[in-house]
Amino acid sequence: MQVEYELGSTGDRLIVGYASNVKNTPAIRQAVLDGKFDAVVVKSSLVPDPLILAVAANKASLYKSRDSMRTRSIQTEILYNLSFSTNISHSLKTFGAADDDRQILVCAINKDLQEAKELVEGDWISLESLQ
């Protein structure tokens with residue numbers, strides 16, 4: 001249902017979960033934008049394997065530890081590191097979940113996904129379903 005990675009560059013933990021049939025994506029996005037939900041919500045159709053998220057999170061965690069992030073938070077830095085673009089806005093729009101997305105990946109750094117499981121109205125399924 002979820003997978004955990006230890007980020008080798010800093011020792012932080014990344015926890016990734018996959019939700020489908022999500023009914024309240026606009027509310028989830030708004031909670032993230034308002035700072036009420038401390039997680040990254042990713043468009044699952046662009047991530048074929050959670051290891052890609054682990055690599056992006058590892059880079060983000062390393063940049064944060066060196067005070068060299070290009071964005072304002074580690075969550076947005078993860079989305080930025082998923083993209084080939086150097087345009088921050090484009091990266092966030094491309095990889096962040098949109099209001100009409102029904103399958104999303106939820107990632108948290110150094111915390112479990114309990115808050116996400118309470119907020120997301122959908123089915124939590126195995127990450128093996130991504131492929």
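Structure's up top.
Draft legend 1. Quick peek at the overall build of the protein chain. Looking only at helices and strands, one finds five helices and five strands in the protein chain. Listing the helices and strands of the protein chain from first to last along the sequence gives β-β-α-β-α-α-α-β-α-β. Relative to the globule expectation of 14 Å for 131 residues, the C-alpha radius of gyration of the protein chain, 13 Å, shows essentially globular dimensions. When its C-alpha atoms are laid out on the principal axes, the protein chain stretches across 40 × 30 × 30 Å. Expressed as a percentage of the 131 residues in the protein chain, the buried residues total 44%. The contacts of the protein chain with a sequence gap of at least 6 include a subset with a gap of at least 24, amounting to 71%. By element, 47% of the accessible surface of the protein chain is carried by carbon and sulfur atoms, the whole surface being about 7000 Å².

Draft legend 2. Representation of the environment of K117. Mapping K117 onto the fold places it in helix α5 (residues 114–119). It is 23 Å that separates the C-alpha atoms of K117 and K93, two residues lying 24 residues apart in sequence. Aside from chain neighbours lying at most four places away, what touches K117 is M1, Q2 and W124. In terms of polar contacts, K117 uses its side chain to reach the side chain of Q2, at 3.5 Å.

Draft legend 3. Structural detail: the packing of aromatic side chains. Tallied over the full model, the rule gives zero aromatic pairs. Looking at R70, its charged tip hangs above the ring of Y63, at a distance of 5.7 Å from the centre.

Draft legend 4. Broad picture of the side chain of N24. Structurally, N24 is set in the loop between β2 (13–20) and α1 (25–33). Judged by relative accessible area, which is 9%, N24 ranks as buried. Polar contacts involving the side chain of N24 include one to the main-chain amide nitrogen of E121, which spans 3.0 Å. Beyond its immediate sequence surroundings of up to four residues, N24 is in contact with L119, V120 and E121.

Reading guide: rules and limits
Each chain carries its own residue numbering, running from 1 in the written order of its sequence. Residues qualify for local features only when their pLDDT is at least 70, as the model is predicted, and side-chain atom pairs are given and counted only at 80 or more; totals for whole chains, interfaces and linings, by contrast, use all residues. Note that the side-chain values use all heavy atoms of the structure and ignore hydrogens as well as water. Helix and strand definitions here come from DSSP, where helices need a minimum of 4 consecutive H or I residues and strands a minimum of 2 consecutive E residues; each element is numbered from the N-terminal end. For the radius of gyration, the atom set is restricted to C-alpha positions; the globular benchmark scales as 2.2 Å times the number of residues to the power 0.38. For every residue, the accessible area obtained with a 1.4 Å probe (protein chains only) is divided by the maximum for its type, and the residue is called buried under 20%, exposed over 50%, and partly exposed between those limits. Contact between two residues is taken to exist if any of their heavy atoms lie within 4.5 Å; hydrogens are not considered. For every accessible area listed, the method is Shrake-Rupley and the probe measures 1.4 Å; residues are considered covered only by the protein chains on display. Two N or O atoms count as a polar contact when they lie within 3.5 Å, although within protein this holds only if one can serve as hydrogen donor and the other as acceptor, and sequence-adjacent residues are included solely when both atoms are side-chain atoms. Only the six-membered ring of Trp is used, alongside the rings of Phe and Tyr, when aromatic pairs are assigned; centres must lie within 6.5 Å, and planes under 30 degrees apart are stacked while those over 60 apart are edge-to-face, with the rest tilted. Geometrically, a charge over a ring is one whose NZ (Lys) or CZ (Arg) sits within 6 Å of the ring centre while staying within 35 degrees of the ring normal.

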